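Overview (structure and organization)
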Amino acid sequence: MKTHLPDKEMKLVLYCARISPKNLQAEELKEYIKDKIDWQIIADTAIKHGLINILYLSLKTDCEKLIPKTVLNQLKTHYFQSSSRNLFLGAGLIKVLNLFNRNNIAAIPFKGPIQSWLIYHDIGVRTFADLDILVKKKDALTARNLLIDQGFRTSVTIPESQINYYLKKENFFQLKNKTGTINIDLHWEISGRYNLEPMYFPASEKSFQHTMMLGKEIKTLNNEDTLIHLCIHGTSHCWEKLEMICSVAKIIESNKIGDWDNVLQKAKSLRCKRMVLLGLVLARYFFNTDLPMTVKTAIADNIGLKKLSNYIIGKIENSDMAFAESLSWRFSPIHFRVRDSLLDGIKYFFYLLFQPTIREWDKYPLPNSLLFFYHVLRPYRLIKEGLG
């Protein structure tokens, strides 16, 4: 059943995410809560949209007396549990990066703790479950074996004789440690097979930036590539959480995007320009993000973008987004309408329908002589499990 998000509660969550916690004043907050307000709806909305930690940090300094104690304790508990786990995963990430470095494997983290650090300057702000690491395709198997030697196990066992075929068809290995406390997605392509043009390990040093996190210098994607990836990733998940949009807004507001024309040109070459423009439109709508004129012009010139963005905004505001990776979610009309051309939409449909994934490898182990049959098993599994 669809439930419309109350305007007042939604506005408060968005307001707390827009501003710096240090600048929030109790007087400003009173403008939002001078009438009756449902704090539990606020907490539930923030949790649902991945903004709970931002909400807590924004309110805890000047506004504690305005918040019911039970709600404040709920926010505080959630924040400290989440931030503690984030620190644990951040330390685990550094250990893995050190392991790869000792073995001459170039690796860059993305999403997860590094995104929280770069965008919010606080590893504890974002909620995440996995460590995402990008390596070169030629190093993927070696990197996987190093992790296995450290006690990690892959979620799906791929016969060694089929590894090259798997590397060609998939884009990552899933691994977890013995205790199940650390999950690693080891990528050699980062668009998640969602984009028609793959994003591999960058060849140019210009595509990287360096930052200090937990006392270690870490190399990761530059801000332009991070923004493009955030928009691809957010669109692939139908922008189901406002934190995805908030991350886009924060990176824009950081004024660290040096060349917007280059961002749009690169997005066009990757065939994801509408995805990037969509992310920017949503950031402007929900977080009042100011966009440069070159972006505004591109948005105005993109036929169909306004209708698509209004469709997604309506779904978010009416709590009608998909919060689980069901088959119907994978075949969301958003995934086809966001393509840069009708032909790209058709190509993506057939790609989605016939390109085997890790789930086919897991469910239907095949001998080497029948690996081509995975392209048939893919639609069979989709039909069997149902798209509705």
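Placed above this text is the structure.
Summarised in this report is the structure supplied together with it. (Residues numbered from 1 in each chain as written. Predicted model: local features only at pLDDT ≥ 70, side-chain atom pairs only at ≥ 80, totals over all residues. Heavy atoms only, no water.)

1. Looking at the packing of aromatic side chains
Each pair of aromatic rings is reported with the distance of its centres and the angle of its planes. This model, assessed by the stated rule, comprises 19 aromatic pairs. Seen from their ring centres, tyrosine 166 and phenylalanine 173 are 5.5 Å apart, and the 15° between their planes marks the pair as stacked. We note that tyrosine 166, like phenylalanine 173, is buried. Measuring from ring centre to ring centre gives 6.5 Å for phenylalanine 372 and phenylalanine 373, while their planes differ by 80°; the resulting arrangement is edge-to-face. (Phe/Tyr/Trp six-rings, centres within 6.5 Å; stacked < 30°, edge-to-face > 60°. Buried < 20%, exposed > 50% of the residue type's maximum accessible area, 1.4 Å probe, protein only.)

2. Re empty space enclosed by the protein
Taken as a whole and assessed by the stated rule, the structure comprises 2 cavities of 30 Å³ or more. Considered as a void within the structure, the largest cavity measures approximately 100 Å³ in volume. As for the largest cavity, its lining consists of Phe110, Lys111, Ile114, Gln115, Leu118, Ile119, Thr220, Leu221, Thr226, His229 and Leu230. Elements that contribute at least two residues to the lining of the largest cavity include exactly α6 (112-120), β7 (216-221) and α9 (223-236). The leading source of residues in the lining of the largest cavity is α6, at 4 residues. By residue class, the composition of the lining of the largest cavity is 6 nonpolar, 4 polar and 1 charged. Volume-wise, the second largest cavity comes out at about 30 Å³. Its residues assigned to classes, the lining of the second largest cavity shows 5 nonpolar, 3 polar and no charged. (1 Å grid on protein atoms, 1.4 Å probe; cavity = no way out; pocket = protein on both sides within 12 Å on 5 of 7 lines; lining within 4 Å. Points joined across faces, edges and corners; volume = space filled by probe spheres on them. Helix = DSSP H or I, 4+ residues; strand = E, 2+ residues; numbered from the N terminus. Nonpolar A, V, L, I, M, F, W, Y, C, P; charged D, E, K, R; others polar.)

3. Some thoughts on the sheet that holds strand β1 (residues 107-110)
Taken together, 5 strands build an open sheet; the order of strands is β1-β2-β5-β4-β3 and the sheet is mixed. This sheet does not close on itself; its edge strands, each paired only once, are β1 and β3 (153-154). Bridge count between β3 and strand β4 (residues 172-176): 2 bridges; the pairing is antiparallel. Considered in β4, the bridge of arginine 153 is made with lysine 176. Here helix α5 (residues 69-102) sits on the sheet in contact with β1, β2 (130-135) and β5 (183-187), set at roughly 25° to β2. (Pairing = 2+ DSSP bridges. Contact = heavy atoms within 4.5 Å. Axes fitted to C-alpha atoms, helices over the stretch in contact; angles between N-to-C directions.)

4. Notes on the nonpolar core
Among soluble globular proteins, nonpolar side chains are generally buried collectively. Counting residues in hydrophobic clusters, the biggest one holds 85 residues, and the most contacted among them are Trp39, Leu227, Trp239, Ile245, Val248, Leu280 and Phe286. Broken down by element, this core gets its largest block of residues, 10 residues, from helix α12 (residues 273-287). When residues no more than four places from it in sequence are discounted, the contact partners of isoleucine 245 are Trp239, Leu282, Ala283, Phe286, Phe287 and Ile316. (Core = buried A, V, L, I, M, F, W, Y, C linked by side-chain atoms within 4.5 Å.)

5. What about helix α13 (residues 293-301)?
Along α13, the residues classified as buried are Val295, Ala298 and Ile299. All buried residues of α13 project into a common sector of 100° when viewed along the axis, lining one side. Opposite the packed face of α13, turned more than 90 degrees from it, sit the exposed residues Met293, Ala300 and Asp301. Looking at the buried side of α13, the elements it contacts are α11 (260-269), α12 and α14 (305-317). (Arc of directions from axis to C-beta.)

6. Describing the pattern of salt bridges
Within the structure shown, the criterion is met by 11 salt bridges. Between arginine 126 and glutamate 243 there is a salt bridge, with its nearest N and O atoms 3.3 Å apart. Taken as a pair, arginine 126 in the loop between α6 and β2 and glutamate 243 in helix α10 (residues 242-253) lie far apart in primary sequence, 117 residues in all. Taking relative accessible area as the criterion, glutamate 243 reaches 7% and is therefore assigned buried. Among the salt bridges present, the one from lysine 138 reaches aspartate 139, with a minimum N-O distance of 3.3 Å. Connected through shared salt-bridge partners, Glu197, Arg271 and Asp344 make up one network. (Salt bridge = Lys/Arg side-chain N within 4 Å of Asp/Glu carboxyl O.)

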